[in-house]
Amino acid sequence: MAHDKASPVESSWKIDEEYHIDEDVGFALPNPLEELPHPYDDWISIAKNLPALIEKDQLRAEVEKLKMLSIDDLQGHKSQRLAHLALGYITMAYVWNKGDGDICKVLPSNIAIPYCRLSEKLGLPPILVYADCVLANWKKKDPSGPMTYENMDILFSFPGGDCGKGFFLISLLVELAAASAIKEIPIIFKAVQHQDQDTLQKALIDITSCLRNALEVFHQIHDYVDPKEFFGILRIYLSGWKGNPQLSEGLLYEGVWDTPKKFAGGSAAQSSIFQCFDVLLGVKQSAGEKSAAEFLQEMRTYMPPAHQNFLRSLESGPSVREFVLSEGNDSLQAAYNDCVKAMVSLRSYHLQIVTKYIVIPAHQQSMKNQTPEELSEKENKGTGGTDVMQFLKSVRRTTEIALLKEE
Ligand code: HEM
């Protein structure tokens, strides 16, 4: 092929080097670093102590004391990702502090300048993103042990006890379960190109089984994430400054821009994994409700650029859906539909989760002390700033529409 970028149609694991997708952990960062050399270790010490510093009301003062550092000596992708993660945690904590409405609308230049330079270098926005708090925020307790909840931990925490660990690690484990299906993508494109129905059918069946496995993993969220802690504490620290009435102008990054800037908060809507299978299966989110399509498209700009490129390259691959449709092969069509149904099931389950972790706690809180206006605001807004249920139902509906009619 005459492309300069590796095409996922090619069967090799070029997608690994080119698109920063790992054969084992998919879009997650393989074995993230945990420490940075001096002088960047100052960032790590603050980020590691956030709950205690917030509790003692010392966080903002400690951040303001930090020396202004150049990012030039931060060598290597993994160091840069760790620094982006640590600065993201520090920024969220600085802005929201105790989560009680005492909000800081200006990020001081000693942190804003290196954070924005680093963000520019990585092609990420200067706010805590999914690629930080989920994809790069993990370690194995026993390095030779398995990637299981019991053998894993997160690197940094917000207030809210173990709720953050549960939320970030379960998101990662769902991502990892689905990621085992990525290796089928080159096989699928090649099979379509060579009109090899058997290979295509087998690969679709494998993808379905990975997606069903991801759904099983998703169930564990109930064991590790408490709805009150999630809604009342953690969610505040993941909130962004776009479409958020508490920071309606955005955040002023002192010394970087003269006016405040708006960025959406961290959310799994910034994960590439669901979007990747949407594209592969020909689920046209872009043809769904305009606002939902725009939001998902916007969320791509919060993904690492290599992953954005991967999604774009998939879009230029052959259409699996059209091929299945044109072959008129019942068992192939059933295999394709099972795959789409697995995506629908994941989204249905996710809707139940959002009801449990956002809609119900918001309602309960309102019974206590909120005005009706504040209630509807909280109940409806995700951390990314969307009108949650309407958005998620629309995305699920667009997924269902991809199903091929069975005779
Ligand atoms: C307590 C658990 C969770 C809650 C409360 C939650 C909440 C939300 C909300 C509110 C949105 C709408 C976008 C926004 O405003 O941010 C969203 C979108 C999304 N979430 Fe979650 N989420 C949870 C767990 C997960 C997990 C574990 C995954 C899988 C890794 C996931 C995957 C997605 C995806 C892919 C979207 C984009 C919509 C779609 O493609 O269907 N979420 N989530």
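Numbering of residues begins from 1 in every chain and follows the order in which that chain's sequence is written. Per-residue local features are limited, in this predicted model, to residues with pLDDT of at least 70; the limit for side-chain atom pairs, both in listing and counting, is 80 or more; totals at the level of whole chains, interfaces and linings are taken over all residues. Note: side-chain values were computed over all heavy atoms of the structure, leaving out hydrogens and water.

A. The arrangement of the overall build of the protein chain in detail. Per the secondary structure count, the protein chain includes 19 helices and four strands. Note on method: radius of gyration uses C-alpha positions; expected globular size equals 2.2 Å times residues raised to 0.38. For 407 residues, the compact-globule estimate of 2.2 N^0.38 gives 22 Å, and the C-alpha radius of gyration of the protein chain, at 22 Å, lies within 12% of that figure. The principal-axis extent of the C-alpha atoms belonging to the protein chain is close to 65 × 50 × 45 Å. The classification of residues rests on relative accessible area computed with a 1.4 Å probe and restricted to protein chains. Under 20% of the type maximum is buried, over 50% is exposed, and intermediate values are partly exposed. Counting all 407 residues of the protein chain, 54% fall into the buried class. Within the protein chain, counting contacts between residues at least 6 apart in sequence, those at least 24 apart form 76% of the total. Counting from the N terminus, the helices are DSSP H or I runs at least four residues long and the strands are E runs at least two residues long. Any two residues whose heavy atoms approach within 4.5 Å are treated as being in contact.

B. Main features of the UniProt feature "binding site: heme b" (unreviewed entry) in the protein chain. UniProt positions are given in the numbering used here, feature names are shortened, and annotations may be inferred rather than shown by experiment. Per the UniProt record, the feature "binding site: heme b" (unreviewed entry) sits at His-350. Note on His-350: relative accessible area 26%, which makes it partly exposed. With residues up to four places along the chain from it excluded, the contact list for His-350 reads Phe-218 and Leu-392.

C. A look at the environment of Ser-119. Inspection of the secondary structure puts Ser-119 in helix α6 (residues 109-122). Overall, Ser-119 belongs to the buried group, its relative accessible area being 2%. Separated by 39 residues in sequence, Ser-119 and Gln-80 have C-alpha atoms that sit 9.0 Å apart. Ignoring any residue separated from it by four or fewer positions in sequence, one finds Ser-119 in contact with His-84, Leu-124, Pro-125 and Pro-126.

D. Focus on the nonpolar core. Counting residues in each nonpolar core, the largest one holds 142 residues, and the members touching the most others are Trp-43, Ile-182, Leu-200, Trp-241, Phe-277 and Phe-310. The leading source of residues in this core is helix α17 (residues 330-369), at 16 residues. Contacts of Trp-43, omitting those with residues within four sequence positions, involve Leu-66, Leu-69, Ile-71, Leu-74, Ala-83, Ala-86, Leu-87, Ile-90 and Pro-114. By nonpolar core is meant a set of buried Ala, Val, Leu, Ile, Met, Phe, Trp, Tyr and Cys residues that side-chain atoms within 4.5 Å join together.

E. Structural view of the coordination of the iron atom of the ligand. Exactly one protein atom donates to the iron atom of the ligand; that atom is His-350 (NE2), 2.0 Å from the metal. Mapped onto the elements of the fold, His-350 is located in helix α17. Here a donor is an N, O or S atom found within 2.8 Å of the metal, or within 3.2 Å if the metal is Na, K or Ca; sites may look incomplete because water is not among the atoms.

F. Local environment of the packing of helix α14 (residues 290-300) against helix α19 (residues 388-401). Where α14 meets α19, the closest approach of the two axes is 9 Å, and the angle between their N-to-C directions is 90°. Here α14 lies roughly perpendicular to α19, going by the angle between them. Mapping the contact onto sequence places Ala-292, Phe-295 and Leu-296 in α14 and Phe-391, Ser-394 and Val-395 in α19. In the scheme used here, Gly and all other residues not listed as nonpolar or charged are polar, with Ala, Val, Leu, Ile, Met, Phe, Trp, Tyr, Cys and Pro taken as nonpolar and Asp, Glu, Lys and Arg as charged. For the contact of α14 with α19, the residue count by class is five nonpolar, one polar and no charged. Orientation is described by axes fitted as lines to C-alpha atoms, over the contacting stretch for helices, and by angles from 0 to 180 degrees between their N-to-C directions. Roughly parallel here means an angle under 35 degrees, roughly antiparallel means over 145, roughly perpendicular means 65 to 115, and every remaining angle is called oblique.

G. Representation of the environment of Thr-259 in the model. Note that Thr-259 resides in the loop between β4 (252-253) and α13 (272-281). Given a relative accessible area of 43%, Thr-259 falls into the partly exposed group. As a C-alpha pair, Thr-259 and Glu-249 span 10 residues in sequence and 8.9 Å in three-dimensional space.

H. Quick look at the packing of helix α9 (residues 184-193) against α13. Contact geometry for α9 and α13: axes closest at 12 Å, N-to-C directions at 10°. The orientation of α9 with respect to α13, classified from their angle, is roughly parallel. Of α13, the residues touching α9 (which contributes Ile-185, Ile-188 and Phe-189) are Cys-276, Phe-277 and Leu-280. Tallied by class, residues from the contact of α9 with α13 come to six nonpolar, no polar and no charged.

I. Region of the structure containing the pattern of salt bridges. What makes a salt bridge here is a side-chain nitrogen of Lys or Arg within 4 Å of a carboxyl oxygen of Asp or Glu, nothing more. Under the counting rule described, the total for this entry stands at 11 salt bridges. Lys-242 is the salt-bridge partner of Glu-298, the closest N and O atoms lying 2.7 Å from each other. Residue Glu-298 is located in helix α14, and its partner Lys-242 is located in the loop between α12 (227-238) and β4; the two are separated by 56 residues in the primary sequence. Given a relative accessible area of 25%, Glu-298 falls into the partly exposed group.

J. Fine view of α12. Taken as a whole, α12 has its buried residues at Phe-230, Phe-231, Leu-234, Arg-235, Tyr-237 and Leu-238. Two N or O atoms form a polar contact when they lie within 3.5 Å of each other; inside protein one atom must be a possible hydrogen donor and the other a possible acceptor, and for residues adjacent in sequence the pair counts only when both atoms belong to side chains. The N-cap of α12, judged by a side-chain oxygen 3.2 Å from the amide nitrogen of Lys-228 a few residues on, is Asp-226.

K. Expanded view of the side chain of Lys-165. Within the secondary structure, Lys-165 sits in helix α8 (residues 163-179). Setting aside residues no more than four positions away along its own chain, Lys-165 makes contact with Lys-141, Tyr-149, Met-152, Asp-153, Ile-154 and Ile-170.

L. Summary view of the state of the cysteines. Disulfide assignment relies on a single distance test, namely cysteine sulfur atoms paired within 2.5 Å. The final tally for this structure, using the stated rule, is zero disulfides. Cys-163 takes part in no disulfide bond, and the closest cysteine sulfur to it belongs to Cys-133, at a distance of 12 Å. Cys-210 provides the cysteine sulfur closest to Cys-339, a residue in no disulfide bond, and the two sulfurs are 9.2 Å apart. On the basis of relative accessibility, which here comes to 0%, the residue Cys-339 falls in the buried class.

M. Quick look at helix α2 (residues 41-48). Of all the residues in α2, the buried ones are Trp-43, Ile-44, Ile-46 and Ala-47. Buried residues of α2, viewed axially, fall in a sector of 165°; they line one side. If you follow the buried residues of α2, they end up packed against α3 (50-55), α4 (59-65), α5 (77-96) and α6. Directions are taken from the helix axis to each C-beta atom, and the arc is the one they span.

N. Local environment of the packing of aromatic side chains. Two rings from Phe, Tyr or Trp (for Trp, the six-membered ring) form a pair when their centres are within 6.5 Å of each other. A pair whose planes differ by under 30 degrees is stacked, one over 60 is edge-to-face, and the rest are tilted. Within the structure shown, the criterion is met by 15 aromatic pairs. Consider the rings of Tyr-89 and Phe-158, whose centres lie 4.2 Å apart with planes at 15°: the pair is stacked. In this pair, Tyr-89 is assigned in helix α5 and Phe-158 in the loop between β3 (152-153) and α8, connecting sequence segments 69 residues apart. Like Phe-158, Tyr-89 is buried.

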